[in-house]
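What follows is each chain in one-letter form.
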Amino acid sequence: MNTSTADSPGLPPVVTVSSVHKRYRLGERVVDALRGVSLTIPAGTICAIVGPSGSGKSTLLNVIGLLDTPDSGTIRLEERDVASLNPTEAARVRRTRLGFIFQDFNLIPVLSAFENVELPLRVGQSAKAGRREWVMSLLDAVGLADHWSHRPGQLSGGQQQRVAIARALVNRPGIVLADEPTANLDSATGHSILELMHRFNRELGTTFVFSTHDPAVEEMARSVVRLHDGVVAA
Ligand SMILES: Nc1ncnc2c1ncn2[C@@H]1O[C@H](COP(=O)(O)OP(=O)(O)OP(=O)(O)O)[C@@H](O)[C@H]1O
Ligand SMILES: [Mg+2]
């Protein structure tokens, strides 16, 4: 078992992964994507998951984000064992405690920037009072207040990813998970996306866990988990 503990000692862990195994079967082929991964991410950290293609980064983010279930091992989010959650509770944790950012932005093309950011609030049927102001303040924070009415097709890749960051934060989650959020951006734009994560980390205390291939982006993380062939490298 390999254990990696991110820095920032003294803070309670927001994510604890213990001896997690995940095997995929594709016809005859069996892939052990995670082979006993253990790690702890303290609250308020910016953690990069790095490693070669196929090393298990996306699989790890998916099991942490309750998008997939491990075959064995345990995952605790904000000190709660996620195996104890029924499907409704898991959906609720996913919606309210987790935020997601994707490589290809995943915005809804027919909705404006404002509507994309607002959507998780509508889905969660949160109170209408103050909603508009909160969505606008997030768009302002990512530098897009005057683009609120633009649809994704009318925004650059970097702008779309900034909308996606605002959307990920709209329910005030404790943890934002991002699978290669800068992979489709040029390096300067990728850098600015990481700077935004740092700013929200400072101002809102949000923990960010992201995967990357980019050494320059990796350098901006406060802690790094290196995966190799489904295990955490020493
Ligand atoms: N749904 C799936 N079905 C079958 N095999 C899968 C599935 N998802 C991932 N795998 C396999 O599990 C292993 C780990 O994949 P994963 O996507 O987690 O790697 P990764 O580190 O994110 O790679 P990349 O850097 O290319 O995104 C790979 O061998 C992959 O082919
Ligand atoms: Mg991946």
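Residues numbered from 1 in each chain as written. Chains lettered and ligands numbered in written order. Predicted model: local features only at pLDDT ≥ 70, side-chain atom pairs only at ≥ 80, totals over all residues. Heavy atoms only, no water.

Draft legend 1. The arrangement of the sheet that holds strand β7 (residues 98-101) in detail. Spatial ordering of the open sheet is given by β7-β8-β9-β4-β10-β11, a layout of six strands whose pairing is mixed. Of all the strands in the sheet, the pair left with one neighbour each is β7 and β11 (231-232). In the packing of helix α1 (residues 57-64) onto the sheet, the strands contacted are β4 (46-50), β7, β8 (175-179), β9 (207-212) and β10 (223-228), and the crossing angle to β8 comes to about 155°. Seen against the sheet, helix α6 (residues 187-204) touches β4, β7, β8 and β9 and runs at an angle of roughly 160° to β9. (Pairing = 2+ DSSP bridges. Helix = DSSP H or I, 4+ residues; strand = E, 2+ residues; numbered from the N terminus. Contact = heavy atoms within 4.5 Å. Axes fitted to C-alpha atoms, helices over the stretch in contact; angles between N-to-C directions.)

Draft legend 2. Quick look at helix α4 (residues 131-141). Buried within α4 we find Arg-131, Trp-134, Val-135, Met-136, Leu-138, Leu-139 and Ala-141. Packed against the buried residues of α4 are α3 (113-123), α5 (157-169) and α6. Taken from the residues just after α4, Gly-143 is the one with a positive phi, measuring 80°. (Buried < 20%, exposed > 50% of the residue type's maximum accessible area, 1.4 Å probe, protein only.)

Draft legend 3. Quick peek at the environment of Arg-35. Looking at where Arg-35 falls in the secondary structure, it is placed in strand β3 (residues 29-42). What makes Arg-35 partly exposed here is its relative accessible area of 38%. Spatially, the C-alpha atoms of Arg-35 and Gly-230 are 5.1 Å apart, while their sequence positions differ by 195 residues. Side-chain polar atoms of Arg-35 contact the backbone oxygen of Asp-229, separated by 2.8 Å. (Polar contact = N/O pair within 3.5 Å; in protein donor to acceptor, adjacent residues only side chain to side chain.)

Draft legend 4. Region of the structure containing the side chain of Gln-160. You can see Gln-160 is positioned in helix α5. Leaving out residues up to four positions away in the same chain, Gln-160 has contacts with Phe-105, Leu-107, Pro-152 and Leu-155.

Draft legend 5. Examining the site of ligand 1 more closely. Around ligand 1, 14 residues are found, and the nearest of them are Ser-53, Gly-54, Lys-57, Ser-58 and Thr-59. Gly-56 places a main-chain nitrogen or oxygen 3.0 Å from an oxygen atom of ligand 1. Within the side chain of His-213, one N or O atom sits 3.3 Å away from an oxygen atom of ligand 1. Protein chains shield 67% of the accessible area of ligand 1, which is 630 Å² for the free molecule. Elements represented by at least two residues in the shell around ligand 1 include exactly β2 (13-26), β3 and α1. Top contributing element to the shell around ligand 1 by residue count: α1, with three residues. Residues that form the shell around ligand 1 fall into these classes: five nonpolar, seven polar and two charged. (Near = heavy atom within 4 Å. Areas by Shrake-Rupley, 256 points an atom, 1.4 Å probe, with all protein chains shown as cover. Nonpolar A, V, L, I, M, F, W, Y, C, P; charged D, E, K, R; others polar.)

Draft legend 6. The pattern of salt bridges, seen in detail. Overall, the coordinates contain seven salt bridges when judged by the stated rule. Between Arg-23 and Asp-32 there is a salt bridge, and its shortest N-O distance comes to 2.8 Å. The closest approach of N and O atoms between Arg-131 and Glu-118, which form a salt bridge, is 3.7 Å. Note that Arg-131 is positioned in helix α4 and Glu-118 in helix α3, a separation of 13 residues in sequence. Each member of the pair, Arg-131 as well as Glu-118, carries the same accessibility label: buried. A single network of salt bridges, built from pairs that share partners, joins Glu-118, Arg-122 and Arg-131. (Salt bridge = Lys/Arg side-chain N within 4 Å of Asp/Glu carboxyl O.)

Draft legend 7. Structural view of the confidence of the model for the protein. Here the protein shows a mean pLDDT of 92. Residues at 70 or above account for 96%. In this model residues 1-8 is a low-confidence stretch, pLDDT under 50, and it forms 27 contacts with partners more than four residues away in sequence or in other chains. (pLDDT = per-residue confidence, 0-100.)

Draft legend 8. Up close: the packing of α5 against α6. Between α5 and α6, whose axes approach to 10 Å, the crossing angle comes to 20°. Comparing the axis directions of α5 and α6 gives the class roughly parallel. Crossing handedness for the pair α5 and α6: right-handed. Within the contact between the two elements, α5 uses Gly-158, Gln-161, Arg-162, Ile-165 and Leu-169 and α6 uses Thr-189, Ile-193, Leu-196, Phe-200 and Leu-204. In terms of residue class, the contact of α5 with α6 is built from six nonpolar, three polar and one charged. (Parallel < 35°, antiparallel > 145°, perpendicular 65-115°, else oblique. Left-handed = near helix turned anticlockwise from the far one by under 90°.)

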